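Listed below are the residues making up each chain.
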Amino acid sequence: MAMVAAHVTIRRARPEESRAVSRLFGALHGHNASLDPRFTLAEGWEHWLREFLDHERSHDHSATFLAHRVDEAIGLAIMDGNVDSPLYRHRHWAELVALYVSPAARGTGVAEQLMEAGLDWAVGRGFDRLQLYVTAANEPARRFYARLGLRPTQEIWATDLPAPSMHPPRHDDHINEPAFARGHHVLSVSQNHLHATDQEEEPTHVMTP
Ligand SMILES: CC(C)(COP(=O)(O)OP(=O)(O)OC[C@H]1O[C@@H](n2cnc3c(N)ncnc32)[C@H](O)[C@@H]1OP(=O)(O)O)[C@@H](O)C(=O)NCCC(=O)NCCS
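Scope of this entry: the structure provided in the associated data block. Please read these numbers as outputs of a predicted model, since none were measured by experiment.

## Things to note about the packing of aromatic side chains
- Evaluated as defined, the whole model comprises three aromatic pairs.
- Considering the side-chain rings of F25 and W45, the 5.8 Å spacing of their centres and the 35° angle between planes classify their relative orientation as tilted. Here the residue F25 occupies a position in helix α1 (residues 18-35), and W45 occupies one in helix α2 (residues 45-59), the gap between them amounting to 20 residues. Assigned by exposure class, F25 and W45 land together as buried.
- Above the ring of F65, the side-chain terminus of R12 is found at 5.9 Å from the ring centroid.

## Digging into the pattern of salt bridges
- All chains considered together, the criterion is met by two salt bridges.
- Residues E17 and R11 are paired through a salt bridge, measuring 2.8 Å at the closest nitrogen-oxygen approach.
- R57 is paired through a salt bridge with D54; the nearest N and O atoms lie 3.1 Å apart. One end of the pair, R57, and the other, D54, are both in helix α2, three residues apart, so they sit about a helical turn from each other.
- For R57, a relative accessible area of 39% gives the class partly exposed.

## Brief notes about the site of the ligand
- Near the ligand, the surroundings consist of 19 residues, among which L99, V101, G107, N138 and R147 are the closest.
- Separating an oxygen atom of the ligand from a side-chain N or O atom of R143 is a distance of 2.9 Å.
- Between R147 and the ligand, the recorded distance is 2.7 Å, taken from a side-chain N or O atom to an oxygen atom.
- Protein chains bury 73% of the 930 Å² of accessible surface belonging to the ligand in isolation.
- Elements with a minimum of two residues in the shell around the ligand: α1, β4 (92-101) and α4 (139-147).
- With five residues, α4 is the largest single contributor of residues to the shell around the ligand.

## Quick notes on the nonpolar core
- With 24 residues, the main nonpolar core has F65, L96, L99, L114 and Y145 as its most contacted residues.
- Among the secondary structure elements, those contributing two or more residues to this core are β2 (62-69), β3 (72-83), β4, α3 (110-124) and α4.
- Looking at this core, the element that brings in the most residues is α3, giving seven residues.
- Not counting the four nearest positions on each side in its chain, L96 is found in contact with A77, I78, M79, M115, L130, Q131, L132 and Y145.
- In this structure, A13, A20, L24 and L76 belong to the second largest nonpolar core, which totals 17 residues.

The rules behind these values
Residues numbered from 1 in each chain as written. Predicted model: local features only at pLDDT ≥ 70, side-chain atom pairs only at ≥ 80, totals over all residues. Heavy atoms only, no water. Phe/Tyr/Trp six-rings, centres within 6.5 Å; stacked < 30°, edge-to-face > 60°. Helix = DSSP H or I, 4+ residues; strand = E, 2+ residues; numbered from the N terminus. Buried < 20%, exposed > 50% of the residue type's maximum accessible area, 1.4 Å probe, protein only. Lys NZ or Arg CZ within 6 Å of the ring centre and 35° of its normal. Salt bridge = Lys/Arg side-chain N within 4 Å of Asp/Glu carboxyl O. Near = heavy atom within 4 Å. Polar contact = N/O pair within 3.5 Å; in protein donor to acceptor, adjacent residues only side chain to side chain. Areas by Shrake-Rupley, 256 points an atom, 1.4 Å probe, with all protein chains shown as cover. Core = buried A, V, L, I, M, F, W, Y, C linked by side-chain atoms within 4.5 Å. Contact = heavy atoms within 4.5 Å.

This is the structure we're talking about:
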């Protein structure tokens with residue numbers, strides 16, 4: 001049972017707090033990359049994150065929360081909305097895109113508070129499902145999510161292939177590449193999600209309550 005974190009406030013990140021978001025986001029992905037190098041962030045990732053945050057402020061399709069202890073940002077949670085193909089009856093789901101608590105603040109309930117803020121946001125937007133991706137080797141995070149009642153529903157299986165003979169390898173993705181070129185306003189890439197947002201003036205994954 002986590003002890004109550006003293007003097008911790010959770011609230012939406014403000015425009016002037018982009019550096020704190022970036023610091024925590026970078027630390028999260030440094031951690032993820034230490035578990036699986038495939039999650040290493042690309043050169044210039046800060047640009048894409050800034051774009052995501054700018055888009056969030058103008059479209060409100062996602063929500064970025066910071067946990068503060070006194071003046072220091074010690075935790076980050078990012079929520080986003082996803083929409084799958086019209087092929088599926090249940091298409092809309094909220095995604096926890098990022099969750100990170102500074103090492104010194106772990107085991108104090110901050111992560112749980114961040115999750116509560118994220119869940120409130122998701123419920124308030126009309127989502128009836130929260131999903132997230134977690135690296136299989138990330139045992140502490142898996143224990144944390146399990147304690148909150150989340151359960152694995154699918155597994156991603158992968159194998160490495162021989163190094164590509166073409167540089168860069170061909171992707172032939174005429175639908176999604178323009179969305180990237182135009183501005184990458186999703187952090188977690190789902191083909192259908194990108195396709196949907198590319199076809200619409202306004203993102204279709206925003207669910208107004
Ligand atoms: C995942 C993460 C956000 C969870 O936050 P957390 O603060 O570590 O989670 P908890 O509050 O559940 O506490 C973690 C540990 O402290 C323990 N703990 C909690 N309260 C405690 C207390 N009062 N005294 C001692 N230990 C305590 C918990 O039992 C838990 O240990 P366990 O996992 O070995 O059982 C955090 O570990 C983190 O940022 N990790 C790196 C980034 C990451 O992996 N993000 C998720 C990517 S999907």
